[in-house]
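Each chain is listed here by its residues.
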Amino acid sequence: MNNREFLIHILLELRSSGIKNQSILKIIESIPPHYYLSFYEKKKYIKINFTINELIQIVKILELAFLKNIKYENILIVGIKKGWLLTLASKFCKRAYSVCDSLSQKKKLENLFHSNNFKNIYLKVGKEYSAWKSVSPFDVIIYLKENKFIPDIFQDHLSNNGIAIVLNVLKDNNIKLVKINKKLERSNTAIEYKFIEKSNLI
């Protein structure tokens with residue numbers, strides 16, 4: 001299966017899983033995961049080491065975050081690894097912010113984003129959302145690191161119509177992704193965290 005055939009396979013699988021947002025599907029078509037990873041790894045041909053289930057859950061996060069299908073001012077994503085989710089999300093907003101665990105990760109991603117003309121992504125080295133509190137409030141916060149679940153810590157950093165998608169670690173150590181709005185109204189999501197946890201694409 002060549003790269004184009006693999007992309008068609010991915011898009012068919014996403015549609016069959018219930019992903020209907022045409023804007024998201026169009027952006028994935030322009031930045032497929034294997035295409036993105038070839039730039040990240042600086043290799044023309046790479047071994048495919050992600051699964052369709054993994055992609056589906058990542059795209060579900062995007063669908064939930066950009067449900068209104070409008071151009072947002074800014075978003076914040078915490079918990080990135082190789083940054084594919086961040087590049088997709090950056091297409092839906094004027095500015096996308098994230099934090100890196102190390103200076104080497106930051107430099108690698110900045111070089112990748114610069115060389116591929118992703119001009120609206122901004123990175124800092126840090127551990128949590130507070131690294132970018134000076135530019136809040138955010139229209140979307142996606143927080144994919146395990147943390148003590150205290151919803152109101154996000155309230156001051158959300159715009160009036162903003163939402164946060166965060167992890168909730170339950171008593172049995174089961175982890176669920178939940179959505180929170182500015183009023184601290186909470187709703188569960190259908191996103192399966194077990195696939196996100198293992199993903200290097202986020």
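In what follows, the accompanying structure is described. (Residues numbered from 1 in each chain as written. Predicted model: local features only at pLDDT ≥ 70, side-chain atom pairs only at ≥ 80, totals over all residues. Heavy atoms only, no water.)

## With respect to the overall build of the protein
Part 1 of the argument: When helices and strands are counted, the protein shows seven helices and seven strands.
Part 2 of the argument: Walking the protein from its N terminus toward its C terminus, one meets helices and strands in the order α-α-α-α-β-α-β-α-β-β-β-β-β-α.
Part 3 of the argument: Over its C-alpha atoms the protein spans a radius of gyration of 16 Å, differing by no more than 12% from the 17 Å that the globule rule assigns to 202 residues.
Part 4 of the argument: Its C-alpha atoms put the protein at 45 × 35 × 35 Å along the principal axes.
Part 5 of the argument: Counting all 202 residues of the protein, 49% fall into the buried class.
Part 6 of the argument: Counting only carbon and sulfur atoms, one obtains 49% of the accessible surface of the protein, whose full area is about 10,600 Å².
Part 7 of the argument: Of the charged side chains in the protein, 33 are positive and 18 negative; the average position of the first set lies 4 Å away from that of the second. (Helix = DSSP H or I, 4+ residues; strand = E, 2+ residues; numbered from the N terminus. Rg over C-alpha atoms; globule rule 2.2 N^0.38 Å. Buried < 20%, exposed > 50% of the residue type's maximum accessible area, 1.4 Å probe, protein only. Areas by Shrake-Rupley, 256 points an atom, 1.4 Å probe, with all protein chains shown as cover. Lys, Arg positive; Asp, Glu negative; His and termini not counted. Charge placed at Lys NZ, Arg CZ, Asp CG, Glu CD.)

## Comments concerning helix H4 (residues 52-65)
Part 1 of the argument: When the terminal C-alpha atoms of H4 are compared, their 20 Å separation across 14 residues agrees well with the 20 Å that a helix rising 1.5 Å per residue should span.
Part 2 of the argument: Counting buried residues along H4, ten of its 14 residues qualify, which places the element largely inside the surrounding structure.
Part 3 of the argument: All of the buried residues along H4 are Glu-54, Leu-55, Ile-56, Gln-57, Ile-58, Val-59, Ile-61, Leu-62, Glu-63 and Ala-65. (Expected span 1.5 Å × (residues − 1).)

## Considerations on the pattern of salt bridges
Part 1 of the argument: Summed over the entire model, instances satisfying the criterion amount to seven salt bridges.
Part 2 of the argument: With a closest N to O distance of 2.8 Å, Lys-145 and Asp-101 form a salt bridge. Placement of Lys-145 in the loop between strand E4 (138-143) and strand E5 (158-169) and of Asp-101 in the loop between strand E2 (93-100) and helix H6 (103-115) is noted, with a sequence separation of 44 residues between them.
Part 3 of the argument: Via salt bridges that share partners, Glu-73, Lys-94 and Arg-95 belong to a single interconnected network. (Salt bridge = Lys/Arg side-chain N within 4 Å of Asp/Glu carboxyl O.)

## Section: the environment of Trp-84
Part 1 of the argument: Of note, Trp-84 is situated in helix H5 (residues 84-90).
Part 2 of the argument: A C-alpha to C-alpha distance of 16 Å links Trp-84 and Ile-141, two positions 57 residues apart in sequence.
Part 3 of the argument: Not counting chain neighbours up to four residues away, the residues in contact with Trp-84 comprise Ile-28, Ile-31, Pro-32, Pro-33, Tyr-36, Leu-55, Ile-58, Leu-201 and Ile-202. (Contact = heavy atoms within 4.5 Å.)

## Quick look at the pairing of strand E3 (residues 121-125)
Part 1 of the argument: Note: E2 against E3, five bridges, orientation parallel. From the neighbouring strand, Val-99 faces E3, where its bridge partner is Lys-124.
Part 2 of the argument: In this fold, the crossover linking E2 to E3 by way of H6 has right-handed handedness. (Pairing = 2+ DSSP bridges. Right-handed = clockwise from strand over helix to strand, strands pointing away.)

## With respect to the packing of helix H3 (residues 33-40) against H6
In a packed pair of helices, the relevant descriptors are the angle between the two axes and the axis-to-axis distance.
Part 1 of the argument: Two numbers describe how H3 lies on H6: the axes approach to 10 Å, and their chain directions differ by 115°. With respect to the hand of their crossing, H3 and H6 are arranged in right-handed fashion. Contacts between H3 and H6 pair Tyr-36, Phe-39 and Tyr-40 from the former with Lys-108, Leu-109, Leu-112 and Phe-113 from the latter.
Part 2 of the argument: Residues that form the contact of H3 with H6 fall into these classes: six nonpolar, no polar and one charged. (Axes fitted to C-alpha atoms, helices over the stretch in contact; angles between N-to-C directions. Left-handed = near helix turned anticlockwise from the far one by under 90°. Nonpolar A, V, L, I, M, F, W, Y, C, P; charged D, E, K, R; others polar.)

## With respect to the packing of aromatic side chains
Part 1 of the argument: Under the counting rule described, the total for this entry stands at nine aromatic pairs.
Part 2 of the argument: Three or more aromatic residues link up through ring pairs in this structure, and these residues are Tyr-97, Tyr-122, Trp-132 and Phe-138.
Part 3 of the argument: Cation over ring: Lys-108 sits above Tyr-40, and NZ or CZ is 4.2 Å from the ring centre.
Part 4 of the argument: The aromatic ring of Trp-132 is capped on one face by Lys-124, whose charged end is 4.5 Å from the ring centroid. (Phe/Tyr/Trp six-rings, centres within 6.5 Å; stacked < 30°, edge-to-face > 60°. Lys NZ or Arg CZ within 6 Å of the ring centre and 35° of its normal.)

## Examining the pairing of strand E6 (residues 175-181)
Part 1 of the argument: Sheet analysis places E5 next to E6, joined by seven bridges and oriented antiparallel. Paired with Ala-164 across the two strands is Ile-180, which belongs to E6.
Part 2 of the argument: Sheet analysis places E6 next to strand E7 (residues 186-188), joined by three bridges and oriented antiparallel. Directly across from Ile-180, in E7, lies its bridge partner Arg-186.
Part 3 of the argument: Counting the residues in the hairpin turn of E6 and E7 gives four residues, including Leu-184, whose phi is positive at 70°.

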